[in-house]
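Residues per chain are reported as follows:
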Amino acid sequence: MSFQKVLFLEINSSYSHSMLSYRMIRSYCEQQVPDWQWLHTEATVKNRVDDITGKIVEQLPDVVMATAYIFNLTVLLKVCTLIKAQLPGVVIVLGGPTFLGDNQVFLNDNRQISGVMRGDESSAPRLLESLPDDIENIPGFCWIDDNGLYRDNGLAEFSGELDLLPSPFQTGLIAVDKPFCQLETSRGCNGKCQFCTSSESNGVKCFSLERCRADLLAIRASGINEVRLIDRTFNDRPERAIALLDMFREKFAGMKFHLEINPAKLNIEILECLKQAPIDQLHIEIGVQSLNSQVLLRIKRPASVPATLAGLEELLRIERFELHADLIAGLPEQHIDDVVADVEQLMVIGPHEIQLENLKLLPGTTLRRELPVGYRFNPQPLWEVTETPTMTVADLDYATQISYVIDSWYNAPQLHKCWRFAFNLTPNMLVEFCKFVADEITLQRGKFPLEKRFILLEKFCHGKSTQAAELCRFAMIANGFVHPDYKTIKAVEYDAEHYRTLWALPEKHRVRRYITMSCSFNAGDFFVGNDCEIIDNQHKYIFSLFYGRNVCEILQK
């Protein structure tokens, strides 16, 4: 039997994303086994399974490959079942981080899958060469043989220098219709965090600076200006981090880069380099995970809590990029009070975004393999922890509620300053606000509309902080929402000498209506982000409206 056509099925979370794995696998296979014809079907988890299947079946592939992640595995398996029913002779091979652990149960339960690949793209060409019969010695390949026995060939891992892998960007395999692309600058991690799949890697290998520069030139030439680096800890090697930051600033100033930094490993040289970055060129993610030293020690995460907090504060002082901080609930020896304390500590420091997720026991991780006594988790993706020896089901549900509140109020740019202002004035605000909205959240799917979030935050602030409630009203009007206490009036003349422009759109607009507002303190200064203290006296503001309730300028008397 001669196989000729291989189709890569790419199922993403949305159409704004694309899979680097497809492009790396295809470019390497085309270099090593050029006789194969490559086909490609792209979809999202929201597409109908029948529609995805139809697009694949009509192309009559001999082999279907796909990368499985926790977000797409359920849809992927449904599609593969239908493909196999309509094309019984097709070979279906899956790969990705989902299969870094033991795959026997998965393959026995999903016989529509011919096999799975554990590891990187290095064995993909050999697999295509060997199909359908000579698959005995392919590194990383796991399958059920004709006798019903599970066969496991370990891990596929590229042994050469990473620059020897062909670049999908330089060969034109770029998804030019996407707003951003991923760029792999290194592989592996020196950390041994027990919840992370990268902890099993054999050290770190890097693509050369020359390769990174050539790839970025190709990406920019394609019209994509936002790049998300796949690099577990960007500043693990300070000299390399500085060289990359210099390259971004000097050669790619018009592009934006997302990268992950360990704040505990910042040195003076890296901080000075970050201070020179163009404003908004960087988006920095911080994997905090926990601020409890005992929890970090238990999961073998090499991080110092004081150094992490100090590094976060240093990064925020630079004020040239956004900071996103990650936390996890459900880690060993962690209590719900620890989770609340972690969130509150971060809110005091003030990164632009905080993400709290319940722990997922990912296949191939030490924590999944050596599951502590008393741990329970959902056996289906997302493999989320449901109970631990120190956190009840109710505790983890509460952590999910906290996550919802963080994402809906703290992380929303329009509400961020209001939340932080109220948080600094209201003792125990996080816990109290979660109680306040608990019944509302149970009735709501997804986030509330932004206007509803403003109303709920202002309502909460009544009786706790008059000034916080005023700032909520101020921000609500400034963002173009109707507030029942303030009516619009037709354009009137006013004495410009008595007013200063607090904020204005860059372009000039014809003012049609106004809203006036008096505050008991300098709310406008806090809204625009001025570094200031509360001044307790009457301040009068005018919001100039140019279309509907859209504000074009804010004046202060």
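Before going into details, it helps to say that this report is about the structure given with it. (Residues numbered from 1 in each chain as written. Predicted model: local features only at pLDDT ≥ 70, side-chain atom pairs only at ≥ 80, totals over all residues. Heavy atoms only, no water.)

1. Quick notes on the layout of surface pockets
Stated formally: Lining residues are defined by having an atom within 4 Å of a point belonging to a cavity or pocket. Those points lie on a 1 Å grid over the protein atoms alone, cavities being sets where a 1.4 Å probe fits but cannot get out and pockets being open sets with protein on both sides within 12 Å along at least five of seven lines. Grid points are joined across faces, edges and corners, and a volume is the space filled by probe spheres set on the points. What counts as a helix is a DSSP run of H or I of at least four residues, what counts as a strand is a run of E of at least two, and both are numbered from the N terminus.
Looking at the second largest pocket, its volume works out to about 1300 Å³. Lining the second largest pocket are 34 residues; nearest its centre among them are His 352, His 416, Lys 417, Arg 420 and Gly 529. Taken together, the elements giving at least two residues each to the lining of the second largest pocket come down to helix H10 (305–318), helix H14 (413–425) and helix H18 (523–528). In terms of residues, the lining of the second largest pocket owes the most to one element, H14, which gives nine residues.

2. With respect to the side chain of Thr 388
Worth spelling out the cut-off: Relative accessible area decides the class of each residue, using a 1.4 Å probe on protein chains only: under 20% of the type maximum gives buried, over 50% gives exposed, and in between gives partly exposed.
Checked against the element boundaries, Thr 388 lands in the loop between strand E17 (385–387) and helix H13 (393–410). For Thr 388, a relative accessible area of 6% corresponds to the buried category.

3. Let's talk about the sheet that holds strand E19 (residues 500–504)
For clarity, the threshold we go by: Only strands joined by at least two bridges in the DSSP assignment are considered to pair. When checking whether two residues touch, look at their non-hydrogen atoms; a contact exists if any pair is within 4.5 Å. Axis lines are fitted through C-alpha atoms, for helices just across the contact stretch, and the angle between N-to-C directions can take any value from 0 to 180 degrees.
Sheet architecture is open: five strands sit in the order E18-E20-E21-E22-E19, paired in antiparallel fashion. Looking along the sheet, the strands with just one partner apiece sit at the ends: strand E18 (489–490) and E19. Its contacts with the sheet place helix H17 (residues 466–478) against E19, strand E20 (513–519), strand E21 (539–547) and strand E22 (550–556), and it is angled at close to 165° to E20.

4. Points about the pattern of salt bridges
Quick reminder of the rule: Should a side-chain nitrogen of Lys or Arg be within 4 Å of a carboxyl oxygen of Asp or Glu, the pair is scored as a salt bridge.
Summed over all chains, the structure comprises 27 salt bridges. Lys 178 serves as the salt-bridge partner of Glu 42, at 2.5 Å between the closest nitrogen and oxygen. You can see Glu 42 sitting in strand E2 (residues 37–44) and its partner Lys 178 sitting in the loop between strand E7 (150–152) and strand E8 (181–184), a full 136 residues away along the chain. The two residues Glu 42 and Lys 178 agree in class, both being buried. Residue Lys 447 pairs with Asp 407 through a salt bridge whose shortest N-O separation is 3.4 Å. Placement of Lys 447 in the loop between helix H15 (429–442) and helix H16 (450–461) and of Asp 407 in helix H13 is noted, with a sequence separation of 40 residues between them.

Any link to function would need more than the numbers given here.
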